[in-house]
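Descriptive structure summary
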Amino acid sequence: MDERQARLETLAPHLAEELTGKKEKRQRELPALESAEEGVVMRFAPNPSGPLHLGHARAAVLNDYYVRRYGGRYLLRIEDTDPRRVDPDAYQMVQEDVEWLGLGITDIIYQSDRLEIYYEHGRRLIGIGGAYICTCDAGYFRDLKLARKSCPCRGNTVEENLDLWERMLGGEFSEGAITMRVKTELEHPDPALRDFSAFRIVSSPIHPRIDAAVYPLMNFSVAVDDHLLGITHVIRGKDHIANTRRQKYIFDYFGWKMPAYLHYGRMSISGLVLSTSGMREGIGEGRFSGWDDIRLGTLRAIARRGIRAEAVRMAVLDIGIGATDISFSWENLYARNKEIIDPVANRYSFVPDPVAVAVGDAPVPVVAEAALHPNDPARGTRRLVFEGTVLVSGHDLEGHGMVRLKDLFNASVAWDGSDPVLTYAGESLADARKAKAPIIQWLPAGAAIPCILHMPESPEAMIVTGCCEPGVAGEVGTVVQFERIGFARIESAGADGVVAYFAHR
RNA sequence: GCUGCUAUAGUGUAGGGGCCAAUCAUGUCGGCCUUUCACGCCGACGACUGGGGUUCGAAUCCCCAUAGCAGCACCA
């Protein structure tokens, strides 16, 4: 029986796991989507105002999950219909982030390419009496709306509206002077659903991709696109519930069938600004070094710390599509990431705030062979050659009469004032255990390189300076585990040493 | 103010009338393993917002209250 299990493990690890009921037990199924058996068409529709962050990841991964599950198309729709909220660099950044996340995108659509389509549908909506052109002041209209009263423009004839629409497109009006409104119900109990805007004029800034002044508002362009692109299911945040209801008016006017909607709850992340504008402000003020500052919740920031896209994906699927407001927990993401990282990360020593201490009475030299990974001896070892003096953290010595220098030997600890004094105390690991000596990491004084470890703890990034093994320089771009410290991604290794970003314990 | 969504352990989730003195993950604590305070293994801890109602029976259905969140933009 065990033999069978062992054979299966070598032949088909995944099947073996299923047999033992290990692993794979998670990744629970999310609820089924209604009428999705024939496949789905879904979309991820970010606004190109900055790079993607964890909030985006939820929408992106949830939609991706269902497209993978049912098959179909997954559209990346760039919603760039507000020139004020377009960052030209974001087009590229969003693309990179989508790639990093590993989304199964099948089509890319830019709304800025589709203005004529929106104009044409705007014209048609006026033609069927579903919209009117309004030249009222926004504040004035708002007051009327809250009082359930119609504005003077609501009574325009179709001809008057069409005429105003062409003049609006022709540039006869300035920003704020005119808007197209969808005619809904002024008596509607929810003020949010009364005669909302569909088009407006934006004269500055100029759009990076197109020359235009009349732009559709989100509810109009989204409704038109969702229909024209054949979207079958929409998963988005519950802040869009009112928008879904608004968009229903447009679908109904045109006689279109609405997609199925799912609205998940609001997600907050403790001690983190997740809004693009908030982050941009912090960067502008110099509080953050850039979009990839490791204290930020952008995907590029967490990637820089060595958090894998797959961990983000798992964490998002664990959260699911519930409508409850939740606070995202770093702990849960870290746990997922550790599952991925721990088996592959090589182990190294990092000594924070190192002090050089000669070890009295020690034989010289002593070669320590430390496994690159304790659970995978095949990966080999690192050689640390002791030649009389070690670098250790004074902190590790405090309160102990003896320590075990990992993979080396025991040393008794004494103090000369505030200076530690180490004396060779034999090789016996058993002795160390008997003396309850902690096993601490160390480095040969002559073969250690400087290392700066950046911690993401907000609000201020903390920097831990220390030394690490020379071998770490060969791990640039990968994640290692600094023993007794935690996992970190090696950012760079140069003449002035190694720079690493801390991921988690 | 008006409208809507939600409410299970520290966090995230499962459960949608009896199988629930409530699932799983994470976390914390204890133990085992271990030349890392990692991984792995074992065990423990810890929750149905409150009040009414329906019912033989409610975490599950209804109502009210409370709380959180969202919308009421010529943003998405």
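Scoring rules and cut-offs
- Residues numbered from 1 in each chain as written.
- Chains lettered and ligands numbered in written order.
- Predicted model: local features only at pLDDT ≥ 70, side-chain atom pairs only at ≥ 80, totals over all residues.
- Heavy atoms only, no water.
- Salt bridge = Lys/Arg side-chain N within 4 Å of Asp/Glu carboxyl O.
- Helix = DSSP H or I, 4+ residues; strand = E, 2+ residues; numbered from the N terminus.
- Buried < 20%, exposed > 50% of the residue type's maximum accessible area, 1.4 Å probe, protein only.
- Pairing = 2+ DSSP bridges.
- Axes fitted to C-alpha atoms, helices over the stretch in contact; angles between N-to-C directions.
- Core = buried A, V, L, I, M, F, W, Y, C linked by side-chain atoms within 4.5 Å.
- Contact = heavy atoms within 4.5 Å.
- pLDDT = per-residue confidence, 0-100.
- Near = heavy atom within 4 Å.
- Polar contact = N/O pair within 3.5 Å; in protein donor to acceptor, adjacent residues only side chain to side chain.
- Phe/Tyr/Trp six-rings, centres within 6.5 Å; stacked < 30°, edge-to-face > 60°.
- Lys NZ or Arg CZ within 6 Å of the ring centre and 35° of its normal.
- Expected span 1.5 Å × (residues − 1).
- Arc of directions from axis to C-beta.

Inspection of the entire model under this criterion finds 37 salt bridges. Here Arg383 and Glu369 are joined by a salt bridge, their closest N and O atoms 3.2 Å apart. Placement of the pair is Arg383 in strand 16 (residues 381–386) and Glu369 in strand 15 (residues 366–371), with a sequence separation of 14 residues. We classify Arg383 as exposed; its relative accessible area is 55%. Arg484 serves as the salt-bridge partner of Asp396, at 3.2 Å between the closest nitrogen and oxygen. Taken together, the residues span a long stretch of sequence, with Asp396 in helix 14 (residues 394–397) and Arg484 in the loop between strand 25 (479–482) and strand 26 (486–494) at a distance of 88 residues. We classify Asp396 as buried; its relative accessible area is 12%. Here the residues in one salt-bridge network are Arg382, Lys406, Asp407, Glu469 and Glu483, joined through shared partners.

Right, let's get into the sheet that holds strand 3 (residues 107–110). Strand order in the open sheet made by the three strands is 1-2-3, with parallel pairing throughout. Edge positions in the sheet fall to strand 1 (40–44) and strand 3, since each of these pairs with one other strand and no more. Going across the sheet, the axis of each strand differs from the next one's by a mean of 25°, ignoring polarity. Inspection of the sheet shows strand 1 paired to strand 2 (residues 72–78) by five bridges, in the parallel sense. The residue bridging Val41 from the neighbouring strand is Arg73, located in strand 2.

Counting residues in hydrophobic clusters, the biggest one holds 47 residues, and the most contacted among them are Phe44, Leu54, Tyr66 and Val312. Looking at this core, the elements with two or more residues in it are strand 1, helix 3 (54–70), strand 2, helix 4 (88–101), strand 10 (267–269), helix 11 (299–304), helix 12 (309–319) and helix 13 (330–341). It is helix 3 that contributes the most residues to this core, 10 residues altogether. Each residue touching Leu54, except ones within four places of it in the same chain, is listed here: Met267, Ile269, Leu274, Gly297, Leu299, Ile302, Val312, Phe328 and Trp330.

Glancing now at the sheet that holds strand 12 (residues 346–348). Taken in spatial order, the seven strands make up an open sheet running 12-25-26-27-23-24-13, and their pairing is mixed. If you trace the sheet from one side to the other, it starts and ends with strand 12 and strand 13 (350–352), each paired once. Across the sheet, the mean angle from the axis of one strand to that of its neighbour is 40°, orientation sign disregarded. Pairing geometry for strand 25 and strand 26, over four bridges, is antiparallel. Counted as the bridge partner of Gln481 is Phe487 from strand 26.

A word on the confidence of the model for chain A. Per-residue confidence for chain A averages 92 on the pLDDT scale, and 94% of its residues sit at or above 70. Here residues 1–25 scores under 50 on pLDDT; set against residues more than four positions off or in separate chains, the count is 13 contacts. Complex prediction metrics read pTM 0.92 and ipTM 0.93.

Right, let's talk about the pairing of strand 16 for a bit. With burial as the criterion, only one face of strand 16 is covered, namely that bearing Arg382, Leu384 and Phe386; the residues Thr381, Arg383 and Val385 on the opposite face remain uncovered. As paired elements, strand 15 and strand 16 share six bridges and run antiparallel to each other. Bridging across to strand 16, Ala368 finds its partner in Leu384.

The local shell around RNA strand B holds 63 residues, among which Glu79, Arg200, Leu217, Asp407 and Arg484 are the closest. Each atom of RNA strand B within 4 Å of the protein was assigned to sugar, phosphate or base; sugar and phosphate come to 72%. Within the contact set of RNA strand B, a base oxygen lies 3.4 Å away from a side-chain nitrogen or oxygen of Asn375. Separating a base oxygen of RNA strand B from a backbone N or O atom of Asp407 is a distance of 2.4 Å.

Evaluation of the coordinates by the stated rule reveals 14 aromatic pairs. With centroids separated by 4.8 Å and ring planes inclined at 80°, the aromatic side chains of Tyr65 and Tyr66 adopt a geometry described as edge-to-face. For Tyr65, a relative accessible area of 12% gives the class buried. Here a set of aromatic residues connected by ring pairs shows up, and it is made of Tyr119, Trp165, Phe199 and Phe220. Against the face of Tyr110 rests Arg209, its NZ or CZ located 4.1 Å from the ring centre.

Attention now goes to the environment of Arg148. Looking at the element boundaries, Arg148 is found in the loop between helix 6 (138–146) and helix 7 (158–169). A relative accessible area of 45% means that Arg148 is categorised as partly exposed. When near neighbours in sequence (up to four residues on either side) are disregarded, Arg148 contacts Leu186, Glu187, His188, Pro189 and Arg194.

Another point: helix 5 (residues 115–127). Residues lying three or four places apart along an α-helix face the same way, a consequence of the helix completing one turn every 3.6 residues. Its 13 residues place the ends of helix 5 18 Å apart at the C-alpha level, agreeing with the 18 Å of an ideal helix rising 1.5 Å per residue. Turning to helix 5, its buried residues number three or more, namely Leu115, Tyr118, Tyr119, His121, Gly122, Leu125 and Ile126.

As a further point, take helix 10 (residues 276–284). Every buried residue of helix 10 is listed here: Thr276, Gly278, Met279 and Gly282. Down the axis of helix 10, the sector holding all buried residues measures 165°, keeping them to one side. Seen from the open side of helix 10, the exposed residues pointing more than 90 degrees away from its buried face are Ser277 and Gly284. Where helix 10 is buried, its residues meet helix 3.

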